[in-house]
Amino acid sequence: MKNDSTLSGNDTTAWGRRRFLNTAALTGLTLGAAACTDKQPAASGPTAAPAVASNAAHASGNDTHLKPGELDTYYGLWSGGHTGDMRVLGLPSGRELLRIPCFVPDALVGWGHTNESKAIMGTKPNGALRYTVGDTHHTHASYKDGNYDGRYAWINDKINSRIARIRLDYFICDKITQLPNVQGFHGIFPDKRDPVDPAINYTTRVFCGGEFGIPLPNAGIEDADTYRSLFSCVDAETMEVRWQVLIDGNCDLVATSYDGKLAASNQYNTEMGAKYEDMMSAERDACIFFNIARIEEAVKAGKFKTIGSSKVPVVDGTHAANKDPKTALTAHVSVPKNPHGVNASPDQKYFICAGKLSPTATVIELAKVLEWFDGTREDLDSSIVAEVEIGLGPLHTAFDGRGNAYTTLFLDSQIVKWNVDAAIKFHAGDKNAKYVVDRLDVQYQPGHINGSQSETVAADGKYLAVGCKFSKDRFLPVGPLHAENEQIIDMSGEKMVLLADHPVRGEPHDFIIFKRDLVKPKQVYDLDDFPNAIKDPKESGVFRNGKKVTVKMTSQAPAFSLREFKVKKGDEVTLILTNLDKIEDLTHGFAIPNHDVNFIVNPLETASVTFTAGEPGVYWCYCTHFCHALHLEMRTRMIVEA
Ligand code: CUK
Ligand code: CUA
Ligand code: CA
């Protein structure tokens, strides 16, 4: 079935024996990973095709090779994975433009070192950072009228259940919130409008899926059968947790409807197993739907409890409490075997769950789920309008705005392009409906996929990016840790065309791609944004209050306002630096030898650090960011006296 675009929906015999991934197929999955050591690429063994072979011949002319000085037409926001940051890419070139630190300290910016960033990241009573590791998976941006509005993006930290907000005017993280009573916060998705108030046609909530069940409250070791997880709603503006929903099973990825009424999460562990064998014991799991308006009514009516020391209202979304559709807060649509990924189609009608351990994609019609909540549809599972076989190990789905879905097949190392309407017809009994349009081998083992503007009403079907977990032979070997392979695909034609490979540091997971004119980045700060700004170099100086010393300084190329400053050994020194240069791109740095201090100040930015003055001596504080012909001369002396 490799790259066999002739294999269509009615070709069921080819699929029969692969209907479900059982123990044997799971062995295949293990082999897939082990196959990295072989010459042969994993699982289904696609051969490495020449990367850009057919590009020149392709009619669309989509080209990833920009001329020097030429700008990209799209932004990509990429999750940074283990580095705990968000990466900003230009597309279609795939050039990395920026890393925005969030959850993990960053040496360029001084993130996790400046007082301002520490306040956002959170500290222990002794002033040290609460966490220095992160694991980001999913990033999504704020919406207005079904398209990105360029205000915010959000990103999750799976390890410590934190959500970070990125301001898309300055491309900085400005708030981080930790979700109470959640472990393994995985899926994240903003709502697209308010379910009740039509005037609120933009994002005001961000939904967060809790993946790991834990004792609630998490005190002592209890029987794993009693573990539960929570679905959380965070206020997009205040970043406070508004409410949580207690559920059976788990949450994984999250999707939201365009009308604001529904959010959903795929559930792979409806068994509530504590071991993987248990987690895959059932043939079907679920996609859980949350009725947002009803949940908020229940919270308003006081129908909630709280857990442990958290004050966040928790409503009951478990099966037992939600049997009556007319009052139910949640609904569970049956989906085959350990689904991974749930994605909202840009025509606003469907959510698509990928099967992972089943070779199928399940198409759920949202209007029918709403009918169940209204009491006019008895059988909730009849909201499934298609459940079609697409290939082995389906994970995530993107869209082109022309009715086609593009799903990654982890085990087959392929992207399958399939037509949603044709799949619905096939499911309804028209065995001549050919829903598989094209297949493309990718290198190798793809996870997330996304198209330009894919998860908006403005899906434009130009570029597709796919995050391949294994790169194997695609790049120069650099020891045991391979780069991952992010591939760019031209999706504008009937057939997909692979345009380029890009090595990336692991492990990005998810990303979004949107038109460049949707954001209006600012390149110079406003002095008034910083309450501690030193607006005039004349305010500079050393101000002592017992053992606490404040050093106020400004920078203007090629000098700091203080050419030297004196402190005493053991002083608690807070140094405040305002960059009074207001020219675009004129950033200064500030490093103090042997004091673990290094940070930058962008044009008209103020940042501060607090440290203890060390052994008596002279310490040359220098500018670490090339700013001027006299950059190397841009220094000041910290004189530490006994
Ligand atoms: S999960 Cu990584 S490939 Cu965290 Cu979005 Cu599917
Ligand atoms: Cu200032 Cu370099
Ligand atoms: Ca399962």
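Note: the structure precedes this text.
Per-chain numbering applies: the sequence of each chain, read as written, is numbered from 1 onward. The lettering of chains begins at A and the numbering of ligands begins at 1, in the order of writing. A pLDDT threshold of at least 70 governs which residues receive local features in this predicted model, and a stricter bar of 80 or more applies before side-chain atom pairs are shown or counted, although totals over entire chains, interfaces and linings include all residues. To obtain the side-chain values, all non-hydrogen atoms of the structure were included, while hydrogens and water were left out.

1. Let's talk about the overall build of the protein
Okay, so step 1: Along the protein, the regular secondary structure elements total 7 helices and 39 strands.
Okay, so step 2: To get the radius of gyration, use the C-alpha atoms; to get the globule rule, take the number of residues to the power 0.38 and multiply by 2.2 Å. Taken over C-alpha atoms, the radius of gyration comes to 26 Å for the protein, in line with the 26 Å a tight globule of 642 residues would show.
Okay, so step 3: With the C-alpha coordinates aligned to their principal axes, the bounding extent of the protein is approximately 85 × 65 × 50 Å.
Okay, so step 4: Relative accessibility under 20% of the residue-type maximum defines a buried residue, over 50% an exposed one, and the middle range a partly exposed one, all with a 1.4 Å probe and only protein chains included. Evaluated residue by residue, the protein yields a buried proportion of 57% over its 642 residues.
Okay, so step 5: Note on contacts: a residue pair qualifies if any of its non-hydrogen atoms lie within 4.5 Å across the two residues. Counting contacts in the protein only where the partners sit at least 6 residues apart, residues at least 24 apart contribute 62% of the total.
Okay, so step 6: Values of accessible area rely on a 1.4 Å probe in the Shrake-Rupley scheme; residue burial ignores everything except the protein chains shown. Surface accessibility of the protein: about 26,100 Å² in total, with carbon and sulfur atoms responsible for 53%.
Okay, so step 7: Only four residue types enter the tally: Lys and Arg on the positive side, Asp and Glu on the negative side; His and the chain ends are excluded. To locate a charge, take NZ of a lysine, CZ of an arginine, CG of an aspartate or CD of a glutamate. Across the protein, the centroid of the 68 positively charged side chains sits 3 Å from that of the 80 negatively charged ones. Counting from the N terminus, the helices are the DSSP runs of H or I reaching at least four residues and the strands are the DSSP runs of E reaching at least two.

2. What to know about the site of ligand 1
Okay, so step 1: Around ligand 1, the neighbouring residues are H137, H138, H186, L253, H340, H396, G447, H448, K469 and H509.
Okay, so step 2: In the scheme used here, Gly and all other residues not listed as nonpolar or charged are polar, with Ala, Val, Leu, Ile, Met, Phe, Trp, Tyr, Cys and Pro taken as nonpolar and Asp, Glu, Lys and Arg as charged. Residues that form the shell around ligand 1 fall into these classes: 1 nonpolar, 8 polar and 1 charged. A single heavy atom is enough: if one lies within 4 Å of a molecule or strand, its residue is considered near that molecule or strand.

3. As for the sheet that holds strand β23 (residues 414-419)
Okay, so step 1: Strands qualify as paired when DSSP identifies two bridges or more between them. Across the sheet, 4 strands lie side by side as β21-β22-β23-β24; this open sheet has antiparallel pairing. If you trace the sheet from one side to the other, it starts and ends with β21 (394-399) and β24 (436-441), each paired once. The sheet shows a mean angle of 20° between the axes of neighbouring strands, taken without regard to direction.
Okay, so step 2: Convention adopted: a line fitted to C-alpha atoms gives each axis, helices being fitted over their contacting stretch, and angles between N-to-C directions are expressed from 0 to 180 degrees. Against the sheet, helix α7 (residues 420-427) engages β22 (404-409) and β23, with an angle of about 70° to β23.

4. Some words on the pairing of strand β7 (residues 172-178)
Okay, so step 1: In the sheet, strand β6 (residues 162-167) pairs with β7 via 6 bridges, with the strands oriented antiparallel. Each residue of the ladder has a partner; that of I166, found in β7, is C173.

5. A word on the sheet that holds strand β28 (residues 497-504)
Okay, so step 1: What the 4 strands build is an open sheet, ordered β25-β26-β27-β28; its pairing is antiparallel. One side of each edge strand has no neighbouring strand; the edge strands of this open sheet are β25 (446-451) and β28. The sheet shows a mean angle of 20° between the axes of neighbouring strands, direction not considered.
Okay, so step 2: The pairing of strand β26 (residues 463-468) with strand β27 (residues 484-490) spans 6 bridges and is classified as antiparallel. Its bridge partner being in β27, Y463 is matched across the sheet by D490.

6. A closer look at the coordination of the calcium ion (ligand 3)
Okay, so step 1: Coordinating donors are taken to be N, O and S atoms lying within 2.8 Å of the metal, or within 3.2 Å when the metal is Na, K or Ca; because water is excluded from the atom set, some sites may appear incomplete. Coordination of the calcium ion (ligand 3) by the protein comes from Y268 (O), E271 (OE), E271 (OE), M279 (O), D285 (OD), D285 (OD) and N338 (OD1), over a distance range of 2.2 to 2.7 Å.
Okay, so step 2: Motif for the calcium ion (ligand 3), donor spacing along one chain: Y-x2-E-x7-M-x5-D-x52-N.

7. What about the side chain of S117?
Okay, so step 1: Within the fold, S117 resides in helix α3 (residues 115-121).
Okay, so step 2: Side chain to side chain, S117 and T114 meet in a polar contact 2.7 Å long.
Okay, so step 3: Apart from the residues within four sequence positions on either side, S117 is in contact with G110, W111 and G112. Polar contact is defined as a pair of N or O atoms within 3.5 Å, subject to the rule that within protein one atom must be able to donate a hydrogen and the other to accept it, and that residues adjacent in sequence are counted only when both atoms are side-chain atoms.

8. Some words on the pairing of strand β31 (residues 548-556)
Look at any regular strand and the pattern is simple: side chains alternate between the two faces of the sheet.
Okay, so step 1: With 5 bridges connecting them, strand β30 (residues 541-545) and β31 associate as antiparallel partners. Following the sheet pairing, R544 is matched in β31 by V549.
Okay, so step 2: Here β30 folds back onto β31, and the loop between the two strands holds 2 residues, one of which, G546, carries a positive phi near 65°.
Okay, so step 3: Judged from the 8 bridges that link them, β31 and strand β34 (residues 572-579) form a sheet pairing that is parallel. Among the inter-strand pairings, K548 is bridged to a residue of β34, identified as E572.
Okay, so step 4: With 2 bridges joining them, β31 and strand β32 (residues 559-560) adopt antiparallel strand pairing. Bridge assignment links S555 to a residue of β32, and that residue is F560.
Okay, so step 5: The hairpin formed by β31 and β32 contains 2 residues between the paired strands.

9. Quick look at the state of the cysteines
Covalently bonding the sulfur atom of one cysteine to the sulfur atom of another cysteine gives a disulfide.
Okay, so step 1: Our working definition of a disulfide is a cysteine sulfur pair at a distance within 2.5 Å. Inspection of every chain in the model, using the stated rule, returns 0 disulfides.
Okay, so step 2: With no disulfide of its own, C102 has C173 as its nearest cysteine by sulfur position, at a separation of 4.6 Å.
Okay, so step 3: Taking the relative accessible area as the measure of exposure, C102 reaches 0% and is therefore buried.
Okay, so step 4: C208 carries a free sulfur, and the closest cysteine sulfur to it, the one in C233, is 8.0 Å from it.
Okay, so step 5: For C208, a relative accessible area of 1% gives the class buried.

By themselves these figures say nothing about function.
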